[in-house]
Structures are given as structure tokens and as C-alpha cells.
Amino acid sequence: MINIWPSPAKLNLFLYINNCRSDGYHNLQTIFQFINYSDLLEIKINNSGLIDLLTNFHDIPKEKNLIIRAAKTLKKAAKKNIILNAGAVINIKKNYP
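Anyway, here's the lowdown on the structure attached to this text. None of these values were measured; they are calculated from a predicted model. Throughout this document, residue positions are counted from 1 along each chain, in the order its sequence is written. Totals for whole chains, interfaces and linings use every residue, but because this is a predicted model, local features are given only for residues with pLDDT of at least 70 and side-chain atom pairs only at 80 or more, for both listing and counting. For the side-chain quantities, the full set of heavy atoms in the structure was used; hydrogens and water were omitted.

**Some remarks on the sheet that holds strand β3 (residues 51-54)**
Condition: Here the rule is simple: two strands pair whenever DSSP picks up at least two bridges between them. In this description a helix means any DSSP run of H or I spanning at least four residues, a strand means any run of E spanning at least two, and both kinds are numbered starting from the N terminus. Fitted lines through C-alpha atoms serve as axes, helices being fitted only where they are in contact, and the angles separating the N-to-C directions of these axes extend from 0 to 180 degrees.
Read from one edge to the other, the open sheet built from four strands follows the order β1-β2-β4-β3, with strand pairing classed as mixed. The open sheet is flanked by β1 (2-20) and β3, the only strands paired with a single partner. Averaged over all neighbouring strand pairs, the angle between strand axes comes to 35°, with direction disregarded.

**Topic: the nonpolar core**
The following threshold applies: Note on terminology: a nonpolar core comprises buried Ala, Val, Leu, Ile, Met, Phe, Trp, Tyr and Cys residues joined through side-chain atoms within 4.5 Å. Buried, partly exposed and exposed residues are distinguished by accessible area as a fraction of the type maximum, computed with a 1.4 Å probe on protein chains only: under 20%, between the cut-offs, and over 50%, respectively. Throughout, a residue-residue contact means that at least one pair of heavy atoms, one from each residue, lies within 4.5 Å.
By size, the foremost hydrophobic cluster in this structure holds eight residues: L41, I51, L53, I68, A71, A88, I90 and I92. The set of elements that each furnish at least two residues to this core consists of β3, α1 (66-77) and β4 (87-93). Of the residues forming this core, the biggest block, three residues, is contributed by β4. Residue contacts for L41: discarding those within four places in its chain leaves N3, I4, W5, S7, I67, I90, N91 and I92.

**Some details on the packing of aromatic side chains**
Rule in force here: For Phe, Tyr and Trp, rings pair up if their centres lie within 6.5 Å, where Trp contributes its six-membered ring, and each pair is then called stacked (planes under 30 degrees apart), edge-to-face (over 60) or tilted (otherwise). Throughout this description, the term charge over a ring refers to an Arg CZ or Lys NZ atom that lies within 6 Å of the ring centre and within 35 degrees of the ring normal.
Under the definition given, this model contains one aromatic pair. Seen from their ring centres, F32 and F34 are 5.3 Å apart, and the 85° between their planes marks the pair as edge-to-face. Of the residues examined, F32 reaches a relative accessible area of 35% and is grouped as partly exposed. Between the NZ or CZ atom of K10 and the centre of the ring of F32, over which it lies, the distance is 5.1 Å.

**Considering the pattern of salt bridges**
The test is simple: Just to be clear on terms, a salt bridge is a Lys or Arg side-chain nitrogen sitting within 4 Å of an Asp or Glu carboxyl oxygen.
Scanning the entire structure with this criterion turns up four salt bridges. Residue K93 is joined to E42 by a salt bridge in which the shortest nitrogen-to-oxygen separation is 3.9 Å. With K93 in strand β4 and E42 in strand β2 (residues 26-46), this pair connects stretches of sequence that are 51 residues apart.

**Quick notes on α1**
In an α-helix, one turn spans 3.6 residues; hence positions three or four apart end up facing the same way. The line we're drawing: A helix is expected to reach a length of 1.5 Å times the quantity of its residues less one. Any pair of nitrogen or oxygen atoms within 3.5 Å is treated as a polar contact; in protein, a donor-acceptor pairing is required on top of that, and neighbouring residues in sequence qualify only through side-chain atoms on both sides.
Here α1 contains twelve residues, and its C-alpha end-to-end distance of 16 Å stays within 8% of the 16 Å for a straight helix at 1.5 Å per residue. A distance of 2.8 Å separates the backbone nitrogen of I67 from a side-chain oxygen at the start of α1, and that oxygen is part of N65.

**Comments concerning the environment of N12**
Residue placement: N12 occurs in strand β1. Looking at N12, the relative accessible area reads 36%, which means it is partly exposed. In this structure, the C-alpha to C-alpha distance between N12 and L41, residues 29 residues apart in sequence, is 22 Å. Of note is the side chain of N12, whose polar atom sits 3.2 Å from the side chain of K10. Among the polar contacts listed, one links the side chain of N12 to the side chain of T30, at a separation of 3.4 Å.

So, to be careful, I would describe these as geometric facts and stop short of saying anything about function.
Below you can see the structure in the form of C-alpha cells.
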């Protein structure tokens, strides 16, 4: 079964990076507007136990890609409610740059 989820685009009207946090992320001040465009994430659940991402962006290592990191964090947080060998293949259908 393939689940398809939108990944909505936004237009930053204002963005200020305040500081770097200890976890490597930054605190931000921003004003943005969602726009009526989105990429699509196709998620195919499997029993491999692995999370894989199909993407043409080869300059970003998969272990640092935010989609992979978010999926692994979600899997870890939900591990009480999922099968231990649950995995997924995620495909990005790009509609905007």
C-alpha cells in the first residue's frame, strides 16, 4: 500500500536566524505564508525494518536528510504501537524547486 502526503510549500516573508542550539538546529523568527503548491511524499510501508528515501539530491547524505531523520524519529516514538520490523520507502515527487 502506498500512502501519498502533501508537503506544502511556503513563502518566507521574513526570516531571521537567532542562534545555534546545542542540538545543531537554530532558533528562528519568521513570518511565512503557505502557498497553493506542494511536493508529494509517497510512502510505501514494508517489513524490511529500514527507512529508505528515493531522491535525486545525492549531495545530501541520507542519514542527514530531514525526511529520513523525521521518519526514524517517528518510528522510534511509535515503536510501542508498530511491528518491530516495520520499514518504508519514501519517494519525493517534486513540484516546486
